[in-house]
Amino acid sequence: MTGNPQSSDELTRRLTLPRYPRSARYDARWTIENQMGPHALWLLEWLAPALGLDRLPPGARVLDLGCGRAMTSVFLAREYGVQVVAADLWVRPEENAVRIAEAGLADQVLSVRAEAHELPFGDGSFDAIVSVDAYQYFGTDDLCLPQLTRLLKPGGRIGVVVPSLREELEGAEPPASLAAHWEPAYWCFHSPAWWRRNWTRTGAVTVEAADWLEDGAREWLLWSEVCAEKSPSEFMRGLARDCVNLLNADEDELLGFARIVGVRA
């Protein structure tokens with residue numbers, strides 16, 4: 001770990017939240033150095049009980065889809081004793097393999113490059129599929145969920161956490177308070193109710209949860225403020241500053257996170 005102990009201790013204090021005790025065990029600087037958006041470990045820890053990760057048998061196979069820099073894959077393997085396939089399109093698998101090996105999990109986590117619509121896995125390959133802050137990029141396609149659930153064993157479960165809107169927006173323009181910070185890509189943000197309908201009408205899963213993370217925006221803002229100060233990457237500091245501006249402008253408290261969990265039908 002770099003930096004003096006006082007600064008490290010202060011960083012840990014700022015990023016230790018009571019409702020995420022598992023995440024608090026991970027080095028704060030490691031999470032900042034490997035982040036690619038919202039705090040993925042917090043979001044995965046929120047997802048875990050609804051998805052039933054604690055109930056998976058040792059050695060169960062989990063697909064971590066859109067794993068980024070594999071923080072969530074390390075978390076899954078270490079916290080739940082599962083075998084993880086860490087799949088991402090943007091981050092090279094050899095880069096993730098180094099991080100995974102440094103975590104001592106090379107025998108539990110396999111890093112691969114994969115595009116969500118062309119996954120190179122057979123039917124019934126996984127006990128569970130997890131996606132944190134990634135599913136919104138490809139999962140709004142109505143054909144996506146049926147294609148994914150074929151990879152699950154009968155009774156297998158899929159769970160995602162995505163940036164979300166508390167309620168769907170009407171019309172073709174963002175709210176006035178957000179207009180100056182709105183990017184076209186944000187139209188992939190939807191409400192929990194939208195996701196429940198989207199998943200239910202496919203017939204591919206029985207939806208068990210589609211809910212909203214209370215105080216999610218506040219936690220997202222806290223994390224973005226820290227990353228805007230402490231990220232070693234100027235590019236990531238810039239993205240974090242953009243998030244800070246967006247969230248501070250959200251007068252109507254529309255922004256946050258949705259959790260959706262389904263069981264293969």
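All figures in this text were calculated on a predicted structure; none of them were measured in a lab.

**Here's the deal with the pattern of salt bridges**
Piece 1. One pass over the structure, following the stated rule, counts 17 salt bridges.
Piece 2. Where salt bridges share partners, they join Arg19, Asp215, Arg218 and Glu219 into one cluster.

**Digging into the nonpolar core**
Piece 1. One finds Leu15, Leu44, Leu53, Leu76, Val82, Val130 and Leu255 to be the most contacted residues of the largest nonpolar core, which totals 63 residues.
Piece 2. Take this core: its biggest share by element is nine residues, from helix 3 (residues 40-51).
Piece 3. When neighbours within four sequence positions are excluded, Val82 is seen to be in contact with Leu56, Gly59, Ala60, Val62, Leu76, Ala77 and Gln108.
Piece 4. Listed in part, the 30 residues of the second largest apolar core include Phe121, Ile129, Ala134 and Val207.

**Some thoughts on helix 3**
In an α-helix, one full turn covers 3.6 residues, which means residues spaced three or four apart are oriented alike.
Piece 1. Along its twelve residues, helix 3 runs 16 Å from first to last C-alpha, staying within 8% of the 16 Å computed at 1.5 Å per residue.
Piece 2. Of all twelve residues in helix 3, ten are buried, a share of seventy percent or more.
Piece 3. All of the buried residues in helix 3 are Ala40, Leu41, Trp42, Leu43, Leu44, Glu45, Trp46, Leu47, Ala48 and Leu51.
Piece 4. At the exit of helix 3 stands Gly52, carrying a positive phi of roughly 75°.

Cut-off values and rules
- Residues numbered from 1 in each chain as written.
- Predicted model: local features only at pLDDT ≥ 70, side-chain atom pairs only at ≥ 80, totals over all residues.
- Heavy atoms only, no water.
- Salt bridge = Lys/Arg side-chain N within 4 Å of Asp/Glu carboxyl O.
- Core = buried A, V, L, I, M, F, W, Y, C linked by side-chain atoms within 4.5 Å.
- Buried < 20%, exposed > 50% of the residue type's maximum accessible area, 1.4 Å probe, protein only.
- Helix = DSSP H or I, 4+ residues; strand = E, 2+ residues; numbered from the N terminus.
- Contact = heavy atoms within 4.5 Å.
- Expected span 1.5 Å × (residues − 1).

Distances and angles like these do not, on their own, reveal function.
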